[in-house]
Amino acid sequence: MTTAHTTFADRHIGPSPDDHARMLERIGYSDIDALVADAVPAAIRTGRPLALPAALDESAALARLREIASRNTVLTSMIGLGYHGTITPGVILRNVLENPGWYTAYTPYQPEISQGRLEALLNFQTVVADLTGLPVANASMLDEGTAAAEAMALAHRVSKAKEPGAFLIDADVLPQTIEVVRTRAAALGIAVEVADLSEGLPERDGCFGVLLQYPGAGGAVRDLAPVIAQAKERGAQVVVAADLLALTLLRPPGELGADIAVGSSQRFGVPYGFGGPHAGYMAVREGIQRQLPGRLVGVSVDADGRQAYRLALQTREQHIRREKATSNICTAQVLLAVMAGMYAVYHGPEGLRAIAERVHGHARTLAEGLRSGGVQIVHDVFFDTVLARVPGRAAEVVGAALERGINLRPVDADHVGIACDETTTAEHVTRVLEAFGIEGPGGPAPAGDLLEGLRRDSVYLTHPVFHAHRSETAMLRYLRRLQDKDLALDRTMIPLGSCTMKLNATTEMEPITWPEFANIHPFAPIDQARGYLELIGELEGWLAEITGYAKVSVQPNAGSQGELAGLLAIRGYHASRGEEHRNVCLIPSSAHGTNAASAAMAGMRVVVVKCDSGGNIDLDDLHAKIAQHGANLAAIMVTYPSTHGVFEETIVEVCKAVHDAGGQVYVDGANLNALVGLARLGEIGSDVSHLNLHKTFCIPHGGGGPGVGPVGVAEHLVPFLPSHPLRPEAGPADTGVGPISAAPWGSAGILPISWAYIAMMGPDGLREATEGAILAANYVARRLAPHYPILYTGRNGLVAHECIADLRKITKETGITAEDVAKRLIDYGFHAPTLSFPVAGTLMIEPTESEDLAELDRFCDAMIQIRREIARVADGTYDRADNPLKNAPHTAEHLAADSWKHPYGREEAAYPLPSLREAKYWPPVRRIDQAYGDRNLVCACPPPEAFED
């Protein structure tokens, strides 16, 4: 008899106590404690339970969050600095941001079951490419600041000069962007120079790149063509950080001669969220698209030659190129890019232009009112931001506006910045004028075109998708049509190893759209964000207690950025001790490629340590590498449990060996779901880790972002955590490494999700979730072992929280590959496990604690049935080239065709198990030709004719 669910932990953990008993019996254990004792090495087990508050039920957690949210003060922010008020169309808010069909999906590595979000991302890429006037845009960046830093690195890579020189930044670039670029440049040994470029480039020896803001941080709109031409004459790559809404009116960077455009799409319908998450962007000229960082969606064809979408040029990325990758970016901001793209679909080019004209009109009205009241306006030409000069009165004016419910930007003692946006009204303009001591409403904007000579005359968003969904009914159905093409957690288990696709509970998600969390500008007066500071402080403290570290910073807005922050902390620590020469980073051969890419970005030299036949770090090779590089050893990066899915017995010895040589230990927290409540990284010898809140702590993957990658450090590394130039409260101002993200607390807007998860699970629930994850992985491994060899196991033949099914011998004997099994799983209604990582020809499976026994068995039944199909290939029943696995996945169109020439039946293809008749997922395309898409690179919306037969 099944025990009733009574607590949140009971509902988060899928199997009931009775199910757990059956699972334990299957793997030969009487209770969970015995399993954990045999699976988890005693040397790493913590000696004390989690000192966290007792679990709250869902109602109490929401009430507590309401209390915290009430301490935030929501005013009208006219601060600007890259963050603007916007209106999220209700149809997008409800059907994308609040819809698990979109937010629980994974990065679209399996394109056949990701066509909906791939199309949505192609929309986003088309928006960015059209508005910037550059031919190729990627599928999002983490934010504007990091996009600019990546653009600097790209410009450096493509520079042809033997001595590239410095990266030159205009002084009117957003201040947070300048500092993020400085942080990255320092690690890479790149010189950065900030100068006023309004009159052209300074006379100096060489620069490989130039960064301009368009419009400038102070609001000025300048014709950038002359300075761009000057930079090109000197052989420099030009990066323009551009406002997408402004580009609906202004000549685009591509037409001005820019090589790269970067920026944020936040004002396309994505709330402030106290700084994030928002989708940054990057677009490039022809010729350097293969150097792009991040994801790139391209167009290809499926087995029938029909148009299909997939991720293009993946050989650029960290999981393949490791330290030679274009970037360490893994997770980007897919969910927010989808929202921004759909905002453009919803409004169309005419609607976007109308919003921009309205915003510009309010700014002109405001400027005219200020001038008529005797206030000097610094810039004659502007788009949405007015810079007013009020000698000695800036604080007074800002205070007067605050009394009227409006936040302005105090630039310095003599200047005030006022940014208009989509939410600005005539009443706001009147209140701002009153704050300057000018009575009466602002008059109409003066006649004439302020932007004359700067306006764009090129068309944009001409593709039918930006014209076809004007009514809400049409938009709603378009979103549903795309959603139905995909597999997400709302439909099926996603057993991706090293990805922890666990429940993203509705109660955890609910608070992120509350105005008190969604509508706080990241640079609003800090006393307006008291609730955020309380929540962030509690969450950072809880994460420190869970991991055993002295301090945690939530600023990194992805796991990759957490890695970089941790390595920069190590770098800063060594430098503080006069040991700048320590630059060697040891990385096991099994590590995720992000580790090596992050080490390279931190200015370190990667040295690979071998793994032994059991998948563990080869201690002999480790000691040999330490002996060889000890004087220059900066760190080792290890993942624990290992990427091979086992608890390595020697982790304490590894840590000691590195420490004895003067190095630091970085433990990648990607697999923390196997440790919470059982072990603390800080207690086993680790000095620093990043955590993935989008894995262990339930922030959803969003189809490839957002993520949050907090960095936790031991006491001696605390002074070297991330800091922020505009928020001294965000980190150690004097000793910090600088900002890792553009916003002081990164993607603060989604931190309530992880706060709620920890608060509702409590210390006991968190430990039980870990135990459940270990049990589920061992249950799946035990069920599959008679059919597929399990590649690596630890003590007593047990795995940690994931297992690797080895298909290499099967492939050699039958020709059926791991990819064939992955595609056949689609016919069974499953997203595939992780394919060919960390070992080629394998499938890595992570079931998590959230999947109930029925779903675990459904997956195992599918894998076992597929093994029977493979056996039919082996014995000749199925043709080796024409069988259900090689032809998978099967679409309804393929099965319904008049002609069926395969030597197996349609029923075998569609319904290999009887249970599929109850709920069948039909993939929209057949297997996609990956190579075709890279050979014929198309990364914008194809014309409708491309979909014709």
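Worth saying up front: this structure is predicted, and the values here are computed from it rather than measured.

Before going further, it helps to spend a moment on the confidence of the model for the protein. For the protein, the mean per-residue pLDDT works out to 94, and 96% of the residues sit at or above 70. Predicted confidence for residues 316–323 stays below pLDDT 50, and this span has 44 contacts to residues more than four positions away or in other chains. The low-confidence segment residues 944–949, where pLDDT is below 50, has eight contacts with residues more than four positions distant or belonging to other chains.

Two elements in contact, helix α4 (residues 58–69) and helix α19 (residues 530–547), have axes whose closest approach is 7 Å; the angle formed by their N-to-C orientations is 130 degrees. Taken as axis vectors, α4 and α19 run oblique relative to one another. For the pair formed by α4 and α19, the contact residues are R64, L65 and I68 on the first element and G531, E534, L535 and E538 on the second. For the contact of α4 with α19, the residue count by class is three nonpolar, one polar and three charged.

All right, on to the pairing of strand β17 (residues 584–588) then. Successive residues of a regular strand alternate their side chains across the two faces of the sheet. β17 sits mainly inside the fold: five of its five residues count as buried. Neither face of β17 is left uncovered, since the one carrying V584, L586 and P588 and the one carrying C585 and I587 both have all their residues buried. Examined bridge by bridge, β17 and strand β18 (residues 605–609) share five bridges and lie parallel to one another. By the bridge assignment, P588 is partnered in β18 with V609.

Evaluation of the coordinates by the stated rule reveals 51 salt bridges. Across the pair D243 and R267 runs a salt bridge whose closest N-O atoms are separated by 2.5 Å. With D243 in the loop between β6 (237–242) and α11 (253–256) and R267 in the loop between β7 (260–264) and β8 (280–284), the pair connects residues that are 24 residues apart, well separated along the chain. Of the residues examined, D243 reaches a relative accessible area of 14% and is grouped as buried. Salt bridges here are not isolated pairs; linked through shared partners, they connect R64, E67, R71, E534 and E538.

Moving on, we get to the pairing of strand β14 (residues 409–412). Of the strand pairs in this sheet, β14 and strand β15 (residues 415–419) are connected by three bridges, and their pairing is antiparallel. What sits directly across from P410, in β15, is V416.

Now for the side chain of D827. Examined against the element boundaries, D827 turns out to sit in helix α26 (residues 818–827). Within polar-contact distance, the side chain of D827 engages the side chain of H890 at 2.8 Å. The residues touching D827, leaving out its near neighbours within four places in the chain, are P884, A888, P889, H890, A909, A910, L916 and K920.

This part covers the packing of aromatic side chains. According to the stated counting rule, one finds 16 aromatic pairs in the structure shown. Relative to F859, the ring of F830 lies with its centre 5.5 Å away and its plane at 80 degrees, an arrangement referred to as edge-to-face. Of this pair, F830 sits in the loop between α26 and β24 (834–835) while F859 is found in helix α27 (residues 853–874), placing the two residues 29 residues apart along the sequence. Just as F830 is buried, F859 falls in that class too. Each ring, one from W900 and one from Y904, has its centre 5.8 Å from the other, and the planes form 85 degrees; the classification is edge-to-face. Members of the aromatic cluster, joined through ring pairs, are F274, W514, F517, Y532 and W745. Sitting over the ring of Y911, K920 keeps its end group 6.0 Å from the ring centre.

Tracing the chain through its elements places K695 in the loop between β21 (688–690) and β22 (711–713). In this structure, K695 is in contact with S498, C499, T500, K502, A670 and H701, ignoring residues within four places of it in sequence.

The subject of this paragraph is the sheet that holds strand β11 (residues 376–377). Read across the sheet, four strands follow the order β11-β12-β15-β14 without closing on themselves; strand pairing throughout is antiparallel. Of all strands in the sheet, those with a lone pairing partner are β11 and β14, marking the two edges. Examined bridge by bridge, strand β12 (residues 385–389) and β15 share five bridges and lie antiparallel to one another. Looking at β15, one finds that V386 is bridged to I418. In this fold helix α13 (residues 334–372) packs onto β11, β12 and β15, with an angle of close to 15 degrees to the strand it touches most, β12.

Let us now look at the UniProt feature "domain: Glycine cleavage system P-protein N-terminal" (unreviewed entry) in the protein. UniProt marks residues 10–436 and 466–722 with the feature "domain: Glycine cleavage system P-protein N-terminal" (unreviewed entry), using the numbering shown here. Between the end C-alpha atoms of residues 466–722 there is a gap of 40 Å, over a span that is 34% helix and 12% strand.

Note that V378 resides in the loop between β11 and β12. Here the alpha-carbon distance between V378 and A388, two residues ten residues apart in the chain, equals 6.0 Å. Those residues in contact with V378 that lie beyond four places of it in its chain are L387, R389 and H415.

Attention now goes to α27. The terminal C-alpha atoms of α27, which comprises 22 residues, lie 31 Å apart, in line with the 32 Å expected from a rise of 1.5 Å per residue. Phi for G876, located one or two positions after α27, is positive at around 90 degrees.

Locating V74 in the fold gives a position in the loop between α4 and β1 (76–77). Assessed through its relative accessible area of 37%, V74 is described here as partly exposed. V74 sits 196 residues away from V270 along the chain, and the two C-alpha atoms are 16 Å apart. Excluding residues that lie within four positions of it along the chain, V74 makes contacts with P515, E516, N519 and I520.

Here we take up the environment of T86. The topology assignment puts T86 in the loop between β1 and α5 (90–97). In terms of polar contacts, T86 uses its side chain to reach the backbone carbonyl oxygen of R267, at 3.0 Å.

Attention shifts here to the nonpolar core. Of all hydrophobic cores here, the largest spans 239 residues; its most connected members are M342, L370, L408, I418, F436 and I758. Discounting chain neighbours no more than four positions away, the residues touching L408 are M78, I79, V397, V398, A401, V416, G417, I418, V432 and F436.

What follows covers α13. Spanning 39 residues, α13 covers only 46 Å between terminal C-alpha atoms, well under the ideal 57 Å at 1.5 Å per step. The largest bend in α13 is about 95 degrees, located at G348, with the proline P349 one to four residues further on. Most of α13 sits inside the fold, with 29 of its 39 residues counted as buried. Phi for G374, located one or two positions after α13, is positive at around 90 degrees.

Here we take up the UniProt feature "domain: Glycine dehydrogenase C-terminal" (unreviewed entry) in the protein. The positions UniProt marks with the feature "domain: Glycine dehydrogenase C-terminal" (unreviewed entry) are residues 769–890. The span residues 769–890 shows a helical share of 45% and a strand share of 8%, and its end C-alpha atoms are spaced 36 Å apart.

The next thing to look at is the sheet that holds β8. The seven strands lie next to each other as β2-β8-β7-β6-β5-β3-β4, forming an open sheet whose pairing is mixed. Of all strands in the sheet, those with a lone pairing partner are β2 (136–137) and β4 (192–195), marking the two edges. Here strand β5 (residues 207–214) runs beside β6; their pairing, made up of six bridges, is parallel. Paired with L211 across the strands is V239, a residue of β6. Packing against the sheet, helix α8 (residues 144–158) makes contact with β3 (166–170), β5, β6, β7 and β8, and its axis sits at approximately 165 degrees to β7.

Moving on, we get to unusual backbone geometry. Residue P215 follows Y214 across a cis peptide bond; omega there is -10 degrees. Here P215 lies in the loop between β5 and α10 (225–233). The amide bond that connects F837 to the next residue, P838, takes the cis arrangement and shows omega of 5 degrees. Tracing the chain through its elements places P838 in the loop between β24 and β25 (842–845).

Each value, and the rule that gives it
- Residues numbered from 1 in each chain as written.
- Predicted model: local features only at pLDDT ≥ 70, side-chain atom pairs only at ≥ 80, totals over all residues.
- Heavy atoms only, no water.
- pLDDT = per-residue confidence, 0-100.
- Contact = heavy atoms within 4.5 Å.
- Axes fitted to C-alpha atoms, helices over the stretch in contact; angles between N-to-C directions.
- Helix = DSSP H or I, 4+ residues; strand = E, 2+ residues; numbered from the N terminus.
- Parallel < 35°, antiparallel > 145°, perpendicular 65-115°, else oblique.
- Nonpolar A, V, L, I, M, F, W, Y, C, P; charged D, E, K, R; others polar.
- Buried < 20%, exposed > 50% of the residue type's maximum accessible area, 1.4 Å probe, protein only.
- Pairing = 2+ DSSP bridges.
- Salt bridge = Lys/Arg side-chain N within 4 Å of Asp/Glu carboxyl O.
- Polar contact = N/O pair within 3.5 Å; in protein donor to acceptor, adjacent residues only side chain to side chain.
- Phe/Tyr/Trp six-rings, centres within 6.5 Å; stacked < 30°, edge-to-face > 60°.
- Lys NZ or Arg CZ within 6 Å of the ring centre and 35° of its normal.
- UniProt positions renumbered as here; feature names shortened; annotations may be inferred.
- Expected span 1.5 Å × (residues − 1).
- Core = buried A, V, L, I, M, F, W, Y, C linked by side-chain atoms within 4.5 Å.
- Bend = angle between axes of the 7 residues up to and from the residue.

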